[in-house]
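Observations on chain architecture
Spelled out from the first residue to the last, the chains are:
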Number of protein chains: 2
Amino acid sequence: MRCKRCGRDANVHIRAHNIALCAEDFLSFLERRVSETTRKYGLISKGQRALVCVSGGKDSLSLWYILNNIGIEADGFHIHLGIGAYSDKSLSKVEQMAERLARKVHVTFLQKTLGQGIAELAKRLKRQTCSLCGTLKRYLMNRVAIEKDYDVLVLGHNLDDEASALLGNILYWRKEYLWRKHISLEGIEGHLAKKVKPLFLISEREMASYAFLRGIDYVTDECPYAAGAKTLLYKELLNRVEEESPGTKIRFVMGYLAQAGRDGEKRERQFCKLCGYPSYAERCVVCRILERFGTGRPVAFEVYPRTG
Amino acid sequence: MRCKRCGRDANVHIRAHNIALCAEDFLSFLERRVSETTRKYGLISKGQRALVCVSGGKDSLSLWYILNNIGIEADGFHIHLGIGAYSDKSLSKVEQMAERLARKVHVTFLQKTLGQGIAELAKRLKRQTCSLCGTLKRYLMNRVAIEKDYDVLVLGHNLDDEASALLGNILYWRKEYLWRKHISLEGIEGHLAKKVKPLFLISEREMASYAFLRGIDYVTDECPYAAGAKTLLYKELLNRVEEESPGTKIRFVMGYLAQAGRDGEKRERQFCKLCGYPSYAERCVVCRILERFGTGRPVAFEVYPRTG
């Protein structure tokens, strides 16, 4: 097959877009799509300071790279979860990219802040690890973005992540989540950072090709506590449909976005009496955990490597 | 495994309901569920005359049997599509059941009414066979129900049919169909018969077991023009999820029913100037086809065998 742009040998064939491209043209094709998505959905405006949440995996690291490559100044934020070698390896990939981009990265070590890693914490609190991890991540990302004065928090969820989560929410009609998976969630001054997902329309396979062709070094292991069977099963099933009808996943999430724009209701927001961040109760989950296990004072953030 | 009701050897294990039953108790368990669904959703009231659309397959023939067995007087309606031996075999299974139940069955022969079978008709009209078949079936069912003075039209769609169609509508957000797959659709006096689906919450596997254990003889071949890959793929995928999480299909369609009750919009109805039945244009599709290929007069219905 020939590259549709330059006529050289094609390296990547994207069935959903019915296009074959050489490595170089694929990289700019993908970056242009991120750029267009960012503009079309008003994700990040010119001159805004962006903070990318980087886990050390292919999506978030590539996203961080792409943003800086398309003219958006983006720093990184990483949470070291204290899951042994997995967390150390993740951090080192993140540091590597920070150096490559010559950008700041903020790091929070759960063990320093809460005295223990995510698994031990979940055990002691008798909570499910992945659910607790999600809660803590959302809290920390939001807090760092606001305290460090970033305009927008950027997440690396790709098309497959969004489509599979959406399918799960629809199969069980989880109404409390169903209309909240938007590509952009508005913030509330001083309380809630605006959150955006520029990879919403880019598939996992495309991101893997991008990372590979850009020579981005990332953690390939799944988190040992990974959500497991359910999400992976949904991804597999959607890929089966995608094989039969290329483009299904994109149509699915774009149809959802159009629908969510109309049906998505604004939630009433409540704020924690202690820290001021969004909460379902008087005191937020994290403040309650901090009281019990933490240092008593707000979580500490480091900047690493110290380029700033 | 032992039957949960009587303690004898169990023949059927229904994972979605986490219950094992012997043949006899399974039959009454399933009939009770159809009966409860019929009552709970107000499908058919005491004393109403019901007309079951019977194709000759396991679902519609079993449904016809069940209704008469739970005290609902139901006649049958069959359309002979003129698909060679397949249609003749289907008709003979339907007649067999009519005799077993000693109930009337109305039959329309496409070849007599329109001079040709469904496949030839589709070819000459340059339409897709399955889509044309659906249009004609909906028209004829509705017309027979109203002209023969039945109170309610009963369809044999099972849980797997509904869940897979729903999944397809959601993957592509087909808004024009999405909120219309209800378990019960109200009628309009003189124009549109009420339509109900008592098997909405009963799986394909349960229906196959029922037909087998009741000794119901049905056509096992798929229609040679069957919708094919897409619907079958969706069914397969949903069954994969069902395997992991028994009960998913039921929760999926019940969640949908709850949602559809709120979101489903009432459509504006328009009626054909010639026949008076629902239409998207001044003259309905069927009247236009009838003018071109038909006898010119309304379609003829037979009653077979002549028990009435």
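Structure: above.
All figures in this text were calculated on a predicted structure; none of them were measured in a lab.

Regarding the overall build of chain A
Each helix and strand in chain A was counted, giving 12 helices and nine strands. Here chain A has a C-alpha radius of gyration of 20 Å; the compact-globule value for 308 residues is 19 Å, and the two agree. C-alpha atoms of chain A, sized along the principal axes, occupy 60 × 45 × 35 Å. In chain A, which comprises 308 residues, the proportion classed as buried is 38%. Here the analysis covers contacts within chain A between residues at least 6 apart in sequence; of these, 70% occur between residues at least 24 apart.

Side note on the environment of Arg143(A)
All names here are of chain A. The topology assignment puts Arg143 in helix H6 (residues 129–147). C-beta crowding within 10 Å serves as the criterion here: with 19 such atoms nearby, Arg143 is assigned to the partly exposed category. Once the C-alpha coordinates of Arg143 and Cys275 are considered, the two residues, 132 residues apart in sequence, prove to be 9.4 Å apart.

Brief notes about the interface of chain B and chain A
Taken together, the 16 residues of chain B in the interface contact 16 residues of chain A. Class assignment of the residues belonging to the side of chain B that touches chain A gives a composition of 10 nonpolar, three polar and three charged.

A look at the relation of the copies chain B and chain A
Rotating chain B by 180 degrees and moving it 0.0 Å along the rotation axis overlays it on chain A with an RMSD of 0.0 Å. What we have between these two chains is a two-fold relation. The position closest to the rotation axis in chain B is occupied by the C-alpha of Leu237(B), lying 3.0 Å away. Residue by residue, 100% of the interface of chain B is reproduced at the interface of chain A, so both copies engage with the same surface.

Things to note about unusual backbone geometry
All names here are of chain A. Phi at Asn18 is positive, roughly 50 degrees, even though this residue is not glycine. You can see Asn18 is positioned in the loop between strand E1 (12–14) and strand E2 (19–21). Look at Asp149: it is not a glycine, yet its phi comes out positive at around 65 degrees. Relative to the helices and strands, Asp149 is located in the loop between H6 and strand E6 (152–154).

Some points on the pairing of strand E4 (residues 74–80) of chain A
Residues and elements named next belong to chain A. Counting buried positions along E4 gives seven out of seven residues, so the element sits mostly inside the fold. A two-sided burial pattern is seen for E4, the buried positions comprising Ala74, Gly76, His78 and His80 on one face and Asp75, Phe77 and Ile79 on the other. Sheet analysis places strand E3 (residues 50–53) next to E4, joined by four bridges and oriented parallel. Paired with Ala50 across the bridge in E4 is Ala74.

Here's the deal with helix H1 (residues 23–40) of chain A
Working note: α-helix, 3.6 residues per turn, so residues spaced by three or four point in the same direction. Residue and element names in this part refer to chain A. The end-to-end C-alpha distance of H1 is 25 Å, a good match for the 26 Å that 18 residues give at a rise of 1.5 Å each. Turning to H1, its buried residues number three or more, namely Phe26, Leu30, Val34 and Thr38. Across the axial projection of H1, the buried residues extend over an arc of 110 degrees, all falling on one side. Across H1 from its buried face, at more than 90 degrees, point the exposed residues Arg32, Arg39 and Lys40. Positive backbone phi, approximately 60 degrees, marks Gly42, located one or two places after H1.

Procedures and definitions
The residue count restarts for each chain, going from 1 along the sequence in the order it is written. For naming, the first written chain is A and the first written ligand is 1, with later ones following in the order written. For this predicted model, a pLDDT threshold of at least 70 governs which residues receive local features, and a threshold of 80 or more governs which side-chain atom pairs are given and counted, while totals over whole chains, interfaces and linings are taken from all residues. Each helix corresponds to a stretch of at least 4 residues labelled H or I by DSSP, and each strand to a stretch of at least 2 residues labelled E; elements are numbered beginning at the N terminus. In this setup the radius of gyration rests on C-alpha atoms only. A globule is expected at 2.2 Å times the number of residues raised to 0.38. To sort residues by exposure, count the other C-beta atoms lying within 10 Å of each residue's C-beta; 20 or more gives buried, 12 or fewer gives exposed, and values between give partly exposed, all with C-beta atoms placed from the backbone. We call two residues in contact if the C-beta atoms placed from their backbones are at most 7 Å apart. Polar here means any residue other than Ala, Val, Leu, Ile, Met, Phe, Trp, Tyr, Cys and Pro, which are nonpolar, and Asp, Glu, Lys and Arg, which are charged; Gly is therefore polar. The atoms used to superpose the copies are C-alpha atoms, taken from residues with pLDDT of at least 70 in both, and the fit is least squares. Pairing between strands is defined by DSSP: at least two bridges between them are needed. Under the convention used throughout, the expected extent of a helix is 1.5 Å for every residue step, that is, one less than its residue count. Directions are taken from the helix axis to each C-beta atom, and the arc is the one they span.

Spatial relationships are all this shows, so hold off on functional conclusions.
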